[in-house]
Amino acid sequence: QPLKEVRVLGPRRSSEAEARKDGCELKRVAFRCPEKNFNLQEVWRKCYQLENKQWSVQELTGEDVLETSENRLPEFQAAQRTKKDNFETTAEWFQANNKRREYAENFAPIGPSWALAQLQTPVPKLPGVWYMHERQNQEGKHVPMLFFNAESGKYYRNRSTDVAYVPAKSRWLQTGLPHQSEDDRSMKMSHGSVCLPTASGRKDDLAVILPELARTGSLLKQPLPFADKPAALFLLVDGLRNASASEWCAKRFHTHLLPRLSAFHSDPEDGELVLVVKEALANLDHALLDSPARYAGCSLAVALLMGSRLVVCTVGGCRAVVCSPPSSEPVPKKGPAGAAPSTESTWSCRAVEGTMPGHTRIDIIQSQRRRRVEAYGPLDFDGRSGEQLRAASASEASLANLSDRDRAVQKALRAAHAFAALGLSRQEAIAAVPGAGKSAAEAIEAVLGPRRPGEPQVEAARSRVKAAGEAVDKMLTQDAFGVQQLAELFYVLDEEEGIISQQRAAALLAVSPGCGEAVASGAVHMRYQAVLSSLSATCPAEAQRGWEILREAMDTAGRPVTPVWVPPPEARGVEIPAALGLRDCKRPRRLVGLEIASEVLRIEPGSSLCLLLMTDGANSVQPKQMAEAVAAHQGRPKAVATQLAAVASEQLKGAKDEKDPKEVSVGVLAAYFSVKALEDPAVHAEAEAADSKKRKAPSTEVVVGPQPGGGLPNRIRVSHILLKWEALTTHDPSARRAAPKGRLQSDAEKELLKLLQILNAMPQGTPSDAKKLSAKFAELAKAHSDCNSANNGHLADLGWIVPGQSDKDFEAAAFDLAVGA
């Protein structure tokens, strides 16, 4: 029976014993039922449960944690084969040669680009006729990726993860059948995006569209030979604090995604595709946290098309909306005489909430709440509008206008450590003696007064203050000097507003700025190793937070003295609990995570959909407005994105509070996908035969307009309206006039959208309507177009165009249009 290989990524563990225990638990779930009832969803659900499971010492015993529990498949080394030149009889030579020819002819490997392995090529140490599938590594060298044994019909992959391929060190093990990739040419795809800057001109949002992902992968030496086609990538990034992180991620995300997609040779499951995107985002986030843009951040929405599957993932404030057409065409409503018939739009729009276990909206909210509790996060944050996460405790200045009771509550709710929850200053915390925690807790209890019903935040503050008093007294009883050192670390982070400067970090560790990682690590070991180790026994959570602050101070003091962008103190609060970057909100406390909402859509034959990716600035756009835009501009994603971005921009201007100068940019990406319905095989064969006869007898007839059989015309006449904006400084010989002063790209797109709406409102459907539409188009072109074609006769067109005469993208759109469209 063919072997099917499925890759499952378990939670990150600190020891091999824990990882093996996880693997055994996953195996029990996978093989609990007979294969006919095997449900991979149960495996993903168990994997999500293990992420929140901490194994005890008693559980990490027995056969599950032994190396033998891994049950790996047999591994084979690669070596060159020895050629047998001498045969005892001629019959033996003929027999061996015929056997080799039979295997080569009858047992061919699956997929493209296979080659018969030569004698000097190292292959797994097994007998048989070997085929090899190569790929280029990062150095540009061709190395084996897969081997196929024609005698056994088995495939083998390299288990080694080393960048450089060394045959003697490689380990080959049996793997599943390669996927016979399919190129679905019946799918039509169109896309467009609009990213509007803020009022000050800052462009925080960026869109990246790679419609030919397989071609991009080949150019970057990461081919996708076994992936379904078409393959495309859509990415929309929303910058937080500034545009540095969004620009950084937009340029690099595909470089983290393509190597993981290229490593697949079998048909990936839906969960594996989600896992690929999740791993790419995690590695991108890790690299961003060490980049100069570490303190900036971004939300994003990504869609990955692989054949008929569309993987949609969102992180942070970005959202994805799936718009589905009506089940049948809407019935036209007759309007006034001369007016265009109106159609009642029944497009349905729904937000992508996630369907994969661990990636649903409910799972994400629960994970975020659990993470904030573990990180001693603010208790007054639940993701609602206006609430913020900050790495430092609430400052006295921010609480100056509150009453004593409200000030005590807010201090406890927004405290970053136990000392701040008790309202202790730095001097009071350093001079504290055993019993100080209890005294401070009683003083706050007196300020809060008797309990009142309907005050959940006050009750949460009481519980935090009580726990903080007990923890401080426990630490003081254990080691008073260690408490002083720990309090100093906590208050340094508060005084620096959550981001320790290099000078302050160097002074804390008594080293010079830019001293290097080794020197900073030695200073930490000498000054803090003993005191924090003694506190770990009584209060491990507080000691662990102290170590996290030291790691951040060590990294800051040891790095080279280079400029790193740091947000001003008043701009260090964030309103979203998940994002890439934002190092101050992830280290030393994980207030912000990287939870991903994901869903896998299947585009069936005869169906279509429109996918909308929108940034936080477009959250005010309602589903009804989306449905109207999609229905009005079917097949024109650029027009859909322009209309929705304009709606969001107007709503932001109308809702803007003069006291709140916060600027928001708007980004919308729209993509249409449609698949033709399956044809009857007999009808399809007859059409193919007719097409082949036509190709054998070339015709000199001029064909205009799309043909009934799907063929393209050999020449067309096209009219277009082009608008220039002021930033276009390149000389254009076809330009009719210069761009108006002050016109932005967004202004030109809005003006074009208005012209399109005028044309859409005209009657259509009859030959006379088509003539009126052409005349109206020529009239608008002469009045508005900045292209010289507006002066070409009464049609204001480009004249006759044949394939290959103009730009490839322009011809692809123009030749696909119907006459009069």
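Look above for the structure.
Residues numbered from 1 in each chain as written. Predicted model: local features only at pLDDT ≥ 70, side-chain atom pairs only at ≥ 80, totals over all residues. Heavy atoms only, no water.

> Hey, could you run me through the overall build of the chain in this one?
Assigned secondary structure in the chain consists of 22 helices and 23 strands. Residues counted as buried form 44% of the 821 residues belonging to the chain. Within the chain, residue pairs in contact and separated by at least 24 positions form 72% of the contacts whose partners lie at least 6 positions apart. Of the roughly 42,800 Å² of accessible surface on the chain, a fraction of 53% belongs to carbon and sulfur atoms. (Helix = DSSP H or I, 4+ residues; strand = E, 2+ residues; numbered from the N terminus. Buried < 20%, exposed > 50% of the residue type's maximum accessible area, 1.4 Å probe, protein only. Contact = heavy atoms within 4.5 Å. Areas by Shrake-Rupley, 256 points an atom, 1.4 Å probe, with all protein chains shown as cover.)

> Teacher, can you tell me more about the sheet that holds strand 8 (residues 172-175) here?
Hydrogen bonds along the backbone pair up the strands of a sheet, which may run parallel or antiparallel. Across the sheet, which stays open at both edges, the 6 strands sit in the order 1-8-7-6-5-3 with antiparallel pairing between neighbours. A strand with exactly one partner marks an edge of an open sheet, and here the two such strands are strand 1 (75-76) and strand 3 (114-116). (Pairing = 2+ DSSP bridges.)

> What's the story with the pairing of strand 11 (residues 231-240) in this structure? I'm lost.
Put simply, side chains in a regular strand alternate between the two faces of the sheet. Counting buried residues along strand 11, 10 of its 10 residues qualify, which places the element largely inside the surrounding structure. Neither face of strand 11 is open: one carries Ala231, Leu233, Leu235, Val237 and Gly239, the other Ala232, Phe234, Leu236, Asp238 and Leu240, and all of them are buried. Pairing geometry for strand 10 (residues 205-210) and strand 11, over 6 bridges, is antiparallel. Among the inter-strand pairings, isoleucine 209 is bridged to a residue of strand 11, identified as phenylalanine 234. Where strand 11 meets strand 12 (residues 297-306), 10 bridges bridge the pair, whose relative direction is antiparallel. Residue pairing for strand 12: phenylalanine 234 is matched across the bridge by alanine 303.

> Looking at this structure, I do not really get the pairing of strand 21 (residues 666-675). What am I missing?
In terms of residue burial, strand 21 counts as a mostly covered element, since 9 of its 10 residues are buried. The pairing of strand 9 (residues 187-196) with strand 21 spans 10 bridges and is classified as antiparallel. Within strand 21, the residue paired with methionine 187 across the bridge is valine 675. As paired strands, strand 20 (residues 608-614) and strand 21 are joined by 7 bridges and run antiparallel to one another. Following the sheet pairing, serine 608 is matched in strand 21 by serine 674.

> What is the right way to read the packing of helix 5 (residues 244-262) against helix 6 (residues 270-288) from this model?
Helices that pack against each other are described as a pair by the angle of their axes relative to one another and the distance between those axes. The contact between helix 5 and helix 6 brings their axes to 9 Å, and the two run at 135°. In terms of their interaxial angle, helix 5 and helix 6 are classed as oblique. Pair helix 5 / helix 6 crosses with right-handed handedness. Of the residues in helix 6, those touching helix 5 at Ala245, Trp248, Cys249, Arg252, Phe253, His256, Leu257, Arg260 and Leu261 are Leu273, Val276, Val277, Glu279, Ala280, Leu281, Asn283, Leu284, Ala287 and Leu288. Broken down by class, the residue content of the contact of helix 5 with helix 6 amounts to 14 nonpolar, 2 polar and 3 charged. (Axes fitted to C-alpha atoms, helices over the stretch in contact; angles between N-to-C directions. Parallel < 35°, antiparallel > 145°, perpendicular 65-115°, else oblique. Left-handed = near helix turned anticlockwise from the far one by under 90°. Nonpolar A, V, L, I, M, F, W, Y, C, P; charged D, E, K, R; others polar.)

> Quick question: what am I supposed to make of the nonpolar core here?
Side chains of nonpolar character tend, in soluble globular proteins, to be buried together. Core analysis: the biggest nonpolar cluster contains 56 residues, and Phe419, Leu422, Met475, Leu509, Leu532 and Leu550 have the highest contact counts within it. Counting residues in hydrophobic clusters, the runner-up holds 51 residues, among them Ala231, Leu261, Phe264 and Leu284. (Core = buried A, V, L, I, M, F, W, Y, C linked by side-chain atoms within 4.5 Å.)

> Just checking my understanding: could you explain the side chain of arginine 371 for this structure?
Considering the arrangement of structural elements, one finds arginine 371 in helix 7 (residues 361-374). Discounting chain neighbours no more than four positions away, the residues touching arginine 371 are Pro577, Arg590, Leu591, Val592, Gly593 and Glu595.

> Whenever I open this one, helix 5 confuses me. Can you help?
Side chains of residues three or four places apart in an α-helix project in the same direction, reflecting 3.6 residues per turn. The end-to-end C-alpha separation of helix 5 is 29 Å, in line with the 27 Å expected for 19 residues at 1.5 Å each. Its axis deflected by about 40° at arginine 252, helix 5 carries its strongest bend there. Taken together, the buried positions of helix 5 are occupied by Ala245, Ser246, Trp248, Cys249, Ala250, Phe253, His254, His256, Leu257, Leu258, Leu261 and Ser262. (Expected span 1.5 Å × (residues − 1). Bend = angle between axes of the 7 residues up to and from the residue.)

> Just checking my understanding: could you explain the packing of helix 15 (residues 517-536) against helix 16 (residues 540-558) for this structure?
For the pair helix 15 and helix 16, the least separation of the axes is 10 Å and the interaxial angle reads 170°. Relative to helix 16, the element helix 15 lies roughly antiparallel. Residues Glu517, Ala520, Ser521, Val524, Tyr528, Gln529, Leu532, Ser533, Leu535 and Ser536 of helix 15 form the contact with helix 16, whose own contacting residues are Pro540, Ala543, Gly546, Trp547, Leu550, Met554 and Gly558. A per-class count over the contact of helix 15 with helix 16 returns 10 nonpolar, 6 polar and 1 charged.

> What am I meant to see in the pattern of salt bridges here?
Enumeration according to the criterion identifies 48 salt bridges in this entry. Between arginine 371 and glutamate 595 there is a salt bridge; the shortest N-O distance is 2.3 Å. Of the two residues, arginine 371 is situated in helix 7 and glutamate 595 in the loop between strand 18 (580-581) and strand 19 (597-602); the sequence distance between them amounts to 224 residues. When its relative accessible area of 13% is taken as the criterion, glutamate 595 is described as buried. Through salt bridges with shared partners, a single ionic network connects Asp290, Arg294, Glu552, Asp555, Arg583 and Arg587. (Salt bridge = Lys/Arg side-chain N within 4 Å of Asp/Glu carboxyl O.)

> I tried to follow the environment of alanine 207 on my own but got confused; where do I start?
Among the secondary structure elements, alanine 207 is positioned in strand 10. Since its relative accessible area comes to 28%, alanine 207 is described here as partly exposed. Counting along the chain gives 31 residues from alanine 207 to aspartate 238, while the straight-line C-alpha distance between them is 9.0 Å. Beyond its immediate stretch of four places on either side in the chain, alanine 207 contacts Ser193, Cys195, Leu235, Leu236 and Leu669.

> What am I meant to see in the sheet that holds strand 9 here?
Here 5 strands make up an open sheet; going across it, the order is 9-21-20-14-17 and the pairing antiparallel. Lying at the two open borders of the sheet, with one neighbouring strand each, are strand 9 and strand 17 (348-351). Looking at each pair of strands side by side, their axes are set apart by 15° on average, direction ignored. Of the strands in this sheet, strand 14 (319-324), strand 17, strand 20 and strand 21 touch helix 17 (residues 623-632), which is tilted by about 130° from strand 20.

> What is the right way to read the packing of aromatic side chains from this model?
All chains considered together, the criterion is met by 9 aromatic pairs. Seen from their ring centres, tryptophan 114 and phenylalanine 148 are 6.5 Å apart, and the 70° between their planes marks the pair as edge-to-face. Highlighted residues: tryptophan 114 in strand 3 and phenylalanine 148 in strand 6 (residues 142-149), separated in sequence by 34 residues. Take tryptophan 114 and phenylalanine 148: they sit in the same class, and that class is buried. The interplanar angle of 45° and the centroid separation of 6.2 Å between the aromatic rings of tyrosine 131 and phenylalanine 148 together place this pair among those described as tilted. Of this pair, tyrosine 131 sits in strand 5 (residues 130-136) while phenylalanine 148 sits in strand 6, and the two are 17 residues apart along the sequence. Owing to a relative accessible area of 4%, phenylalanine 148 belongs among the buried residues under this scheme. Taken together, Trp114, Tyr131, Phe148 and Tyr155 form an aromatic cluster joined through their ring pairs. In this arrangement the basic side chain of lysine 21 is found over the ring face of tryptophan 55, its NZ or CZ atom lying 5.4 Å from the centre. Directly above the aromatic system of tryptophan 800 lies the positively charged group of arginine 715, at a separation of 3.9 Å from the ring centroid. (Phe/Tyr/Trp six-rings, centres within 6.5 Å; stacked < 30°, edge-to-face > 60°. Lys NZ or Arg CZ within 6 Å of the ring centre and 35° of its normal.)

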